[in-house]
Amino acid sequence: VLLSGAVYAIFGVDADGWAGLAVSVFVLISGIRLVRDTIDPLLGSPPDGGLVEQIYSIALSHNGVYGVHDLAVHNYGPGRLFATLHVEMSEKTGLTESHELADAIERQMRQDLGLDMVIHVDPTVTDDNRVVLLKMEILSLLTDIDCRFTLHDFRAVFSNERIKLIFDVVVPDDIGLDDITLRDIINERFCAEKRGCELVITFDRSYSKKRGAEKNK
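Residues numbered from 1 in each chain as written. Predicted model: local features only at pLDDT ≥ 70, side-chain atom pairs only at ≥ 80, totals over all residues. Heavy atoms only, no water.

K.L.:
Any details on the pairing of strand 3 (residues 116-124)? Residues and values, ideally.
P.N.:
In this sheet, strand 3 lies alongside strand 2 (residues 81-90) in parallel orientation, the contact comprising 9 bridges. Along strand 3, the bridge assignment pairs Leu 85 with Ile 119. Note that the unit made of strand 2, helix 4 (residues 95-113) and strand 3 has a crossover that is right-handed. (Pairing = 2+ DSSP bridges. Helix = DSSP H or I, 4+ residues; strand = E, 2+ residues; numbered from the N terminus. Right-handed = clockwise from strand over helix to strand, strands pointing away.)

Put into structure tokens, the structure is as follows:
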């Protein structure tokens, strides 16, 4: 108002209309930003990268944890942060021991990050060389396609007729290939039919930009 009044006093030009338009644009932009900042947490947005790193670091710091994946963080406002996480432990770990370890991780998350977490335990094979080598081969094949691929929940079922390999693959959002095409590429490069293998693959997308982590071996 002061600026348009000064323009009128000096130049005799009525600038009220232009000033009103400028204010309207400013209010509109501010409103859009306010709505966007409010809606994003309600509809869901990727968690902060620093928080994800802290969560993975805490989980992997516990003895008996071999890998983590499928992290989902839910933000319901200040002091109301919840998360779920899949943690890989040896299949030979007893139920009581794995439950105690999951509880210990949840307590540390609450103490260090103020985060209420629910841990889901996934059994993994760590001492069968056949399974470990097959897993490493599949992982190498995936990273040749795209270095951002990760896999988890790897299992092998051996029978007289064939080997069934069951695993989940986390797919980058911008890979540009559908699940059917990816499955065909993996089967072809692994030579599944010639080797008498059946690949049972589940493709999923990550809830965070970081797809998972494994403890260095």
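K.L.:
Hey, could you go over the packing of aromatic side chains for me, with residue numbers and the actual values?
P.N.:
For any pair of aromatic rings, the description rests on two quantities: the centre-to-centre distance and the angle between the ring planes. In total, this model carries 1 aromatic pair according to the counting rule given. Summarising the aromatic geometry, the rings of Phe 154 and Phe 167 are spaced 5.6 Å apart at their centres and angled 25° between planes, so their arrangement reads as stacked. One end of the pair, Phe 154, is in strand 4 (residues 150-158); the other, Phe 167, is in strand 5 (residues 163-170), and 13 residues separate them in sequence. Classification of Phe 154 as buried rests on a relative accessible area of 4%. Positioned over the ring face of Phe 158 is Arg 130, at 3.9 Å from the centre of the ring. Looking at Arg 195, its charged tip hangs above the ring of Phe 190, at a distance of 4.1 Å from the centre. (Phe/Tyr/Trp six-rings, centres within 6.5 Å; stacked < 30°, edge-to-face > 60°. Buried < 20%, exposed > 50% of the residue type's maximum accessible area, 1.4 Å probe, protein only. Lys NZ or Arg CZ within 6 Å of the ring centre and 35° of its normal.)

K.L.:
Can you tell me about the packing of helix 5 (residues 129-145) against helix 6 (residues 179-190), naming the residues and giving the values?
P.N.:
At a minimum axis distance of 11 Å, the contact between helix 5 and helix 6 shows a crossing angle of 125°. It follows from the interaxial angle that helix 5 and helix 6 lie oblique. The interaxial crossing formed by helix 5 with helix 6 has right-handed handedness. Contact residues: helix 5 offers Leu 134, Glu 137, Ile 138, Leu 141, Leu 142, Asp 144 and Ile 145, while helix 6 offers Ile 185, Ile 186, Arg 189 and Phe 190. Per-class residue counts for the contact of helix 5 with helix 6 are 8 nonpolar, no polar and 3 charged. (Axes fitted to C-alpha atoms, helices over the stretch in contact; angles between N-to-C directions. Parallel < 35°, antiparallel > 145°, perpendicular 65-115°, else oblique. Left-handed = near helix turned anticlockwise from the far one by under 90°. Contact = heavy atoms within 4.5 Å. Nonpolar A, V, L, I, M, F, W, Y, C, P; charged D, E, K, R; others polar.)

K.L.:
Mind laying out unusual backbone geometry, listing which residues take part and the relevant values?
P.N.:
Its identity as a non-glycine residue notwithstanding, Asp 70 has a phi of 50°, on the positive side. Following the sequence through the fold, Asp 70 ends up in strand 1 (residues 67-75). Assessed through its relative accessible area of 23%, Asp 70 is described here as partly exposed. The backbone of Cys 191 shows a phi angle near 55°, a positive value even though the residue is not glycine.

K.L.:
Just give me the short version of the sheet that holds strand 4, but keep the residues and values in it.
P.N.:
Ordered by their spatial adjacency, 3 strands build an open sheet running 4-5-6, and the pairing between neighbours is mixed. Every interior strand has two partners, whereas the edge strands, strand 4 and strand 6 (197-204), have only one. Looking at each pair of strands side by side, their axes are set apart by 15° on average, direction ignored. As paired strands, strand 4 and strand 5 are joined by 7 bridges and run antiparallel to one another. Across the sheet, Thr 150 pairs through a bridge with Val 170, a residue of strand 5. Against the sheet, helix 5 touches strand 4 and strand 5, its axis set at about 140° to strand 4. Of the strands in this sheet, strand 5 and strand 6 touch helix 6, which is tilted by about 145° from strand 6.

K.L.:
Provide a residue-level description of the state of the cysteines, including the pertinent values.
P.N.:
What the rule picks out here adds up to 0 disulfides. No disulfide involves Cys 197; its sulfur sits 10.0 Å from the nearest other cysteine sulfur, which is in Cys 191. (Disulfide = S-S within 2.5 Å.)

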